[in-house]
Amino acid sequence: MEKHKEVITAIINQKGGVGKSTTAVNLAAALGELGMKVLLVDLDPQGNSTSGFGVEKHSELRCVYDGLINEAPAEDLIIQEVASRVDLIPATISLAGAEVELMNEYAREHRLADLLEPVRHAYDYTLIDCPPSLGQLTINGLAASNNLIIPIQCEFYALEGLTKLLETERIVKTRINRELEVLGVLMTMYDPRTALARQVVEEVQSHFGDKVFKTMIPRTVRLAEAPSFGESILTYDNKGKGAKAYRELAKEVMYRG
């Protein structure tokens, strides 16, 4: 399979609970399993991608905050091999203060891009787990990225708030980062047995067309359990439906570039 070098992808939805961190962790692990070298950047103060790979978020842990605010080099923040071929720049609760602190910083929208520039060449894929908001951290994630993945949960009001998200993407593309594109929309927590889930998928497909990934992430207990064990679904339930879905998604992401 052809390698794609230096792709940076923001995983973003300002709604919480849509499977954003689950996707960041498991897509990173699946790309690593396919032989890609991956960097996962946890840009969410909740640090779910950090704990999802079993990294303890103690106060002494140097994290992405130190890079954005204190200008620590990325090399000093990277935790190597949290999974096969996957490295991590973690997040801790200290990142919560970055939204306010960045407001007064020079070239604040480019802090993450500047942080990643010296190391991005070492990775085939960099995935950025953005926070569930459209503040300074998310703007930094979009400014640093080539493209974005939007996870959408198969539930009522699935499209709620997406107009604002897409408007933010358009503004960032126009004013800050002309490379930025929507790579794909990912349906998560899909249960094919329910009419609601099928209806939501049809609605999203009619709205986004071929931007919707063919792969849909199923609602499974195993996917929900894996983070509490600090493992990706690929190691926690290697042959289950969730692992199979994220492997398929990884192939689709590579195909789309």
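Computed from a predicted structure; not experimentally measured. (Residues numbered from 1 in each chain as written. Predicted model: local features only at pLDDT ≥ 70, side-chain atom pairs only at ≥ 80, totals over all residues. Heavy atoms only, no water.)

## Examining the sheet that holds strand β7 (residues 181–190)
Turning to step 1, where the next piece is worked out: Spatially, β3-β4-β2-β5-β1-β6-β7-β8 is the arrangement adopted by the 8 strands of the open sheet, whose pairing is mixed. Among the strands making up the open sheet, the edge pair consists of β3 (79–83) and β8 (212–218). Strand-to-strand twist across the sheet, computed as the mean angle between neighbouring axes with direction ignored, equals 30°.
Turning to step 2, where the next piece is worked out: Sitting on the sheet, helix α1 (residues 20–33) touches β1 (7–11), β2 (38–42), β4 (86–89), β5 (125–129), β6 (147–153) and β7, and the angle it makes with β5 is about 165°. (Pairing = 2+ DSSP bridges. Helix = DSSP H or I, 4+ residues; strand = E, 2+ residues; numbered from the N terminus. Axes fitted to C-alpha atoms, helices over the stretch in contact; angles between N-to-C directions. Contact = heavy atoms within 4.5 Å.)

## Describing the layout of surface pockets
Turning to step 1, where the next piece is worked out: A volume near 210 Å³ is recorded for the largest pocket.
Turning to step 2, where the next piece is worked out: Gly19, Thr22, Thr188, Met189, Ile217, Pro218, Arg219, Thr220, Leu223, Ala224, Pro227 and Tyr246 are the residues that line the largest pocket.
Turning to step 3, where the next piece is worked out: Sorting the residues of the lining of the largest pocket by element identifies β7, β8 and α9 (221–225) as the ones contributing at least two each.
Turning to step 4, where the next piece is worked out: When its volume is computed, the second largest pocket comes out at roughly 170 Å³.
Turning to step 5, where the next piece is worked out: Lining the second largest pocket are 13 residues, and of these Gly17, Val18, Lys20, Ser21 and Asn48 lie nearest its centre. (1 Å grid on protein atoms, 1.4 Å probe; cavity = no way out; pocket = protein on both sides within 12 Å on 5 of 7 lines; lining within 4 Å. Points joined across faces, edges and corners; volume = space filled by probe spheres on them.)

## What to know about unusual backbone geometry
Turning to step 1, where the next piece is worked out: A positive phi angle, close to 55°, is found at Glu81, a residue other than glycine.
Turning to step 2, where the next piece is worked out: Within the element layout of this structure, Glu81 appears in strand β3.
Turning to step 3, where the next piece is worked out: We classify Glu81 as partly exposed; its relative accessible area is 48%.
Turning to step 4, where the next piece is worked out: Positive phi outside glycine occurs at Tyr157, with the angle close to 60°.
Turning to step 5, where the next piece is worked out: You can see Tyr157 is positioned in the loop between β6 and α7 (162–175).
Turning to step 6, where the next piece is worked out: Assessed through its relative accessible area of 63%, Tyr157 is described here as exposed. (Buried < 20%, exposed > 50% of the residue type's maximum accessible area, 1.4 Å probe, protein only.)

## So, empty space enclosed by the protein
Turning to step 1, where the next piece is worked out: Tallied over the entire structure, the rule returns 1 cavity of 30 Å³ or more.
Turning to step 2, where the next piece is worked out: Computed from the structure, the largest cavity encloses a volume of approximately 30 Å³.
Turning to step 3, where the next piece is worked out: Asn13, Lys15, Val18, Ile152, Gln153, Glu155 and Ala158 together form the lining of the largest cavity.
Turning to step 4, where the next piece is worked out: Among the residues forming the lining of the largest cavity, the class breakdown is 3 nonpolar, 2 polar and 2 charged. (Nonpolar A, V, L, I, M, F, W, Y, C, P; charged D, E, K, R; others polar.)

## Some thoughts on the packing of aromatic side chains
Turning to step 1, where the next piece is worked out: Enumeration over the complete set of coordinates arrives at 2 aromatic pairs.
Turning to step 2, where the next piece is worked out: Their ring planes at 50° and their centres at 6.4 Å tell us that Phe156 and Tyr157 sit as a pair that is tilted. For the pair Phe156 and Tyr157, a shared accessibility class is recorded, and that class is exposed.
Turning to step 3, where the next piece is worked out: With 5.0 Å between their ring centres and 25° between their planes, Phe229 and Tyr236 make a pair best called stacked.
Turning to step 4, where the next piece is worked out: Owing to a relative accessible area of 53%, Phe229 belongs among the exposed residues under this scheme.
Turning to step 5, where the next piece is worked out: Owing to a relative accessible area of 19%, Tyr236 belongs among the buried residues under this scheme. (Phe/Tyr/Trp six-rings, centres within 6.5 Å; stacked < 30°, edge-to-face > 60°.)

## Remarks on the side chain of Ser232
Turning to step 1, where the next piece is worked out: Inspection of the secondary structure assignment puts Ser232 in the loop between α9 and α10 (233–236).
Turning to step 2, where the next piece is worked out: Here Ser232 falls in the buried class, since its relative accessible area comes to 4%.
Turning to step 3, where the next piece is worked out: In this structure Ser232 touches Val25, Asn26, Ala29, Gly52, Phe53 and Ala226, once residues within four positions along its chain are discounted.

## Side note on the side chain of Ser49
Turning to step 1, where the next piece is worked out: Within the secondary structure, Ser49 sits in helix α2 (residues 48–52).
Turning to step 2, where the next piece is worked out: There is a polar contact of 2.7 Å between the side chain of Ser49 and the side chain of Asp129.
Turning to step 3, where the next piece is worked out: Other than its neighbours up to four places away in sequence, Ser49 contacts Ser21, Ala24, Val25, Leu40, Asp42 and Asp129. (Polar contact = N/O pair within 3.5 Å; in protein donor to acceptor, adjacent residues only side chain to side chain.)

## Section: the environment of Gly184
Turning to step 1, where the next piece is worked out: Turning to its location among the elements, Gly184 is positioned in strand β7.
Turning to step 2, where the next piece is worked out: On the basis of relative accessibility, which here comes to 0%, the residue Gly184 falls in the buried class.
Turning to step 3, where the next piece is worked out: In this structure, the C-alpha to C-alpha distance between Gly184 and Val253, residues 69 residues apart in sequence, is 8.3 Å.
Turning to step 4, where the next piece is worked out: Those residues in contact with Gly184, other than ones at most four positions away along the chain, are Leu148, Ile149, Ile150, Lys211, Phe213 and Arg256.

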